Amino acid sequence: MTSEEKKIFDGVLFCPGDPELVALKLKSHNLSQEYSNTREDETERRAQLLKEIVGKLGENVRVQGPVFFH
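What you see is a predicted model, and the numbers here were worked out from it, not measured in a lab. Starting from 1, residues in each chain are numbered consecutively following that chain's sequence as written. Owing to the predicted nature of the model, reporting of local features is limited to residues with pLDDT of at least 70; listing and counting of side-chain atom pairs is limited to 80 or more, with chain, interface and lining totals taken over all residues. Calculation of side-chain values draws on the structure's entire complement of heavy atoms; hydrogens and water are dropped beforehand.

> What's the story with the overall build of the protein chain in this structure? I'm lost.
The numbering of helices and of strands both runs from the N terminus, where a helix is a DSSP run of H or I of at least 4 residues and a strand a run of E of at least 2. Each helix and strand counted, the protein chain has three helices and zero strands in total. Secondary structure elements in the protein chain, listed N-terminal to C-terminal, are α-α-α. Along the longest, intermediate and shortest principal axes, the C-alpha atoms of the protein chain span 40 × 25 × 15 Å. For the protein chain, with 70 residues in total, the buried portion stands at 21%. On the protein chain, roughly 5,600 Å² of surface is accessible, and the fraction owed to carbon and sulfur atoms is 54%. His is not counted, nor are the chain ends, whereas Lys and Arg count as positive and Asp and Glu as negative. Note that the charge is assigned to NZ on lysines, CZ on arginines, CG on aspartates and CD on glutamates. Put simply, the protein chain has 10 plus and 12 minus side-chain charges, and the middle of one group is 2 Å from the middle of the other. Between buried and exposed lies partly exposed: a residue is buried under 20% and exposed over 50% of the maximum accessible area for its type, with that area taken using a 1.4 Å probe on protein chains only. To be clear on the numbers: accessible area is Shrake-Rupley with a 1.4 Å probe, and residue cover counts the displayed protein chains and nothing else.

> Would you take a moment to explain the side chain of T2 for this structure?
Assignment of secondary structure puts T2 in the segment before α1 (3–10). Residue contacts are defined here by distance: any two heavy atoms, one from each residue, within 4.5 Å place the two residues in contact. With residues near it in sequence (within four places) discarded, T2 still touches E20 and L21.

> Would you take a moment to explain helix α2 (residues 19–36) for this structure?
Residues separated by three or four positions in an α-helix point in the same direction, a consequence of the helix having 3.6 residues per turn. Between its first and last C-alpha, α2 extends 26 Å over 18 residues, near the 26 Å set by a 1.5 Å rise per residue. Of all the residues in α2, the buried ones are L21, S28, L31, S32 and Y35. On an axial view of α2, the arc spanned by its buried residues comes to 105°, and they lie on one face. Packing partners of the buried residues in α2 comprise α1 and α3 (43–54). The span one expects for a helix is its residue count, reduced by one, times 1.5 Å. For this quantity, the arc is that covered by the directions from the helix axis to the C-beta atoms.

Keep in mind these numbers describe shape, not what the thing actually does.
Shown next as structure tokens:
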């Protein structure tokens, strides 16, 4: 976790232009778009993308697209 990410989670002022945060945001936006472009029956691909976006998923998680993670 970057120092700017830590600031976000600590609820304090952070620099949104920090290069590492910008890269994370871009990755998140791209994965969100990719998820939203999948078909509903592409369950394995959707699960893989969600796991990459949010990290850990519980059992029987289902997210109806389109989605947008920032």
